[in-house]
Amino acid sequence: MVVVEHGLVLAMSRQAAQAGVRLGMRGGGVAAIAPDTTVLERAADKEDQALEAIATALMQYTPDITYQPDWSLLLDVSASLTLFKGPHALCLRVLRSVAALGFTLQLGAAPTAEGAWLLARNAPRKDQPKGRRVASMERLQQRLNQLPCELIPAAVPFHGWLTDIGARDLGALRRLPRAGLLRRTDKHLLATLDRAYGEAPEMFEWIKPPLHFSARIETFERVEHADALLHGASSLILQLVGWLTAMQQAVRAFTLYLEHERGRSAVAPTTLEIMLAEPAWHESHLVRLLKERLGKLELHAPVIALRLEAVKIEAMLPPNASLFPEPGGTPQDYHRLLELLTARLGADNVLTPASVDDYRPEICNTWLPAATRRPKAQLDEVFDGRPFWLLPKPIALLMRDNRPFYGSALKILSGPERLEAGWWNDKTAARDYFVAQGSDASCYWIYLERTTDARWFLHGLYA
Amino acid sequence: MLTPPLTITAAAAQAGRLAMRDVWRASELAISRSTTCSTGHELLDSELPNQGWPRSALIELLVQQHGIGEMQLLKPVLASLAARQRVALVQPPYLPHAMACRAWQVNDRNLLWLKPASSADALWSAEQILKNGSCGAVLLWQANVRPEALRRLNLAAQSTDTWLWLLRPIAAAADASPSPLRMTLRPAAGGISVDIIKRKGPHCDQPLFIPLDDMPVPLHIPQPAIDDHETDVKRPPAVVAARSATTVLV
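Residues numbered from 1 in each chain as written. Chains lettered and ligands numbered in written order. Predicted model: local features only at pLDDT ≥ 70, side-chain atom pairs only at ≥ 80, totals over all residues. Heavy atoms only, no water.

(A) Quick look at the interface of chain A and chain B. Residue-level contacts link 56 residues of chain A with 54 residues of chain B. Scanning the region where chain A abuts chain B turns up one salt bridge. In this structure, the salt-bridge partner of B:Asp121 is A:Arg344, at a minimum N-O distance of 2.7 Å. Viewed at the interface, chain B and chain A are joined by 16 residue pairs in polar contact (both at pLDDT 80 or more). Per-element tally for the side of chain A that touches chain B: the top contributor is helix α13 (residues 331-345) of chain A, with eight residues. Here the residues of the side of chain A that touches chain B sort into 35 nonpolar, 10 polar and 11 charged. (Contact = heavy atoms within 4.5 Å. Salt bridge = Lys/Arg side-chain N within 4 Å of Asp/Glu carboxyl O. Polar contact = N/O pair within 3.5 Å; in protein donor to acceptor, adjacent residues only side chain to side chain. Helix = DSSP H or I, 4+ residues; strand = E, 2+ residues; numbered from the N terminus. Nonpolar A, V, L, I, M, F, W, Y, C, P; charged D, E, K, R; others polar.)

What follows is the structure, given as structure tokens:
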């Protein structure tokens, strides 16, 4: 794969380089050397979007982020170092986040923003030390002294002149008389140099996060399996997490739109709405929920793009840590578990009892989805002698020798308990319940339907 | 000479046994530091290592059929767990009756009933609940479990503080299992017959009869059946009444 700008090769993949493609080559030349290569025109708007996505995702590490020329981002992490356990751990997390978005970056870290930027952009020669991260001011100055002058954009027009007078690196440039340099070159050159060496204050205008979150990503190809969308979706979640952290908010509901290829007529995007019981801003939990939902989804058309929108947000609550951890986990843990189970099994398959005040066991024994909130059950009555298992539908029993038969002839142990209800809505249940025992001593809850054609039914098992 | 006689009294033998608590004899039940919860049935407690259901372990209950008193066997432990923590029922064979739980003093508000569509989903759910650790107990019903799934469940159980019971058909008793405690359950009048087929300790020779309070029992003591009506002339009238009452009911 090769990226072309103004007809000249700007970047290429490793395979293209092995095929003989070189930087600065003409587009036609590429087609002649390696005909299989995909030639792409550079898309500045997509690069802007990518940079914006990275900036949003990195907002989870610091709210102070700004764009810098040459596709760079500056992060002021001085306030975040303790939280993320030191500069090294923080750098690793930044690298991992950007890799999760599908991009590579060169990361420089230094006490001054301009210095870090210069270190990040420098491609070290063989005689230079490799690291791009320094922690102390002295080390930074030593490293900056070895950098070539043309790294500073303002020095590029004077590159030839500076080389001629022997100022190859920044150290030599700084040793030149300041007044003369100012007269002969740009004032931006000296300003940049001062900021990089920490001799002038640095002022930035930090990016302000938008008030509403909506991020979109295009898939590389037409995706036909919902599972394959997880990578794109998790990079959107990463952006959402960055945005939530910057806004000090937690998300309660978000929607993922799966945009389909437009055929003859427009196809409405498939929407995946995810509601959370407890507002969350943790990447791992949101990704896991999305994974389970995507795993259940069946696509009716290939997907070409994903869009994520935060529908409902709430203020982020600080963790309410108790001195000793509770043995049964926190309520938040339980809510997370319910969400996860609901996402995979469906809301109708994760149930808690909601006993209804009714004598008919099948109505009384109502179970409702555990994820929904509802008022507490009002039923406080307790009926004794009920079996633990109820049959979903009572089984009509066979009769042998005038006795109900289920596996063996049943012997009545106790009863009857008369039950008559439901006459008000034409679901009349008029039954006499008995406890019966089979020959193997297992007990059953059976009833005789009190109709003209009386029949025995099995309704429960004493477990 | 006044040397004391060299006889070992019973008390001394007991003291010696206590001093060597780290030595385990094959004839004894294992004593370990693992946490257990009393089953609530004295007879069963006395036959279990550490006198109770082990926590953080896969306990297998192999039932002859569903509805023979297996839940009543677990009733005391469920009642104590459900008072504070949640109890998850994963893929039960029938509808759990919340009213029965309430009558048993098991807090029914803490019950969670999962109805996974497939066996794989059920195992996944059980594993997630164990990993999450916010539930007190998991009861999982499965007919056919592959050995690797059993090992996985056992590992998941070992890493949490959750009780886990796996209820399987009795036919699985012949299969190998990593579970440290397995027992078969068969119906018995007024209780349940428990046969411990695997435990940390000696082999359990005979099935235990565990009486269960809430198991329905006949209200009257069954009378010996009278075969011949003609010969038994001096029949007491009470028996006649009882017999006639039975025929009416049946």
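(B) Up close: the packing of aromatic side chains. Taken as a whole and judged by the stated rule, the model has 16 aromatic pairs over all chains. Ring geometry for A:Trp423 against A:Trp424: centres 5.1 Å apart, planes inclined by 85 degrees, an arrangement best described as edge-to-face. The exposure class assigned to A:Trp423 is exposed, which follows from its relative accessible area of 58%. Residues B:Trp53 and B:Trp165 carry aromatic rings whose centres are separated by 5.7 Å and whose planes lie at 85 degrees to one another, so their mutual orientation is edge-to-face. Linking B:Trp53 in strand β2 (residues 53-54) with B:Trp165 in strand β8 (residues 163-169), this pair joins segments that are 112 residues apart in sequence. Each member of the pair, B:Trp53 together with B:Trp165, is buried. These aromatic residues form a ring-pair network of at least three members: A:Phe388, A:Trp389, B:Tyr94, B:Trp104 and B:Trp141. The ring of A:Tyr197 has A:Arg174 lying over it, and the distance from NZ or CZ to the ring centre is 3.9 Å. The ring of A:Tyr257 carries A:Arg307 above its face, with NZ or CZ at 4.5 Å from the centroid. (Phe/Tyr/Trp six-rings, centres within 6.5 Å; stacked < 30°, edge-to-face > 60°. Buried < 20%, exposed > 50% of the residue type's maximum accessible area, 1.4 Å probe, protein only. Lys NZ or Arg CZ within 6 Å of the ring centre and 35° of its normal.)

(C) Molecular detail of the sheet that holds strand β19 (residues 456-461) of chain A. Taken in spatial order, the six strands of this open sheet run β16(A)-β17(A)-β18(A)-β19(A)-β12(A)-β5(B), and their pairing is antiparallel. The open sheet has two edge strands, β16 (411-421) of chain A together with β5 (95-96) of chain B, and neither has a second partner. Relative to strand β17 (residues 429-437) of chain A, β16(A) runs antiparallel, the two sharing eight bridges. Each residue of the ladder has a partner; that of A:Leu419, found in β17(A), is A:Arg431. (Pairing = 2+ DSSP bridges.)

(D) The arrangement of the pairing of strand β7 (residues 249-260) of chain A in detail. Residue and element names in this part refer to chain A. In terms of burial, β7 is a largely internal element, 12 of the 12 residues being buried. When β7 meets strand β9 (residues 303-315), the two strands line up antiparallel, connected through 11 bridges. Bridge assignment links Glu259 to a residue of β9, and that residue is Ala305. Relative to strand β8 (residues 270-280), β7 runs antiparallel, the two sharing seven bridges. Residue Ala253 lies in a different strand from β8, and its bridge partner there is Met275.

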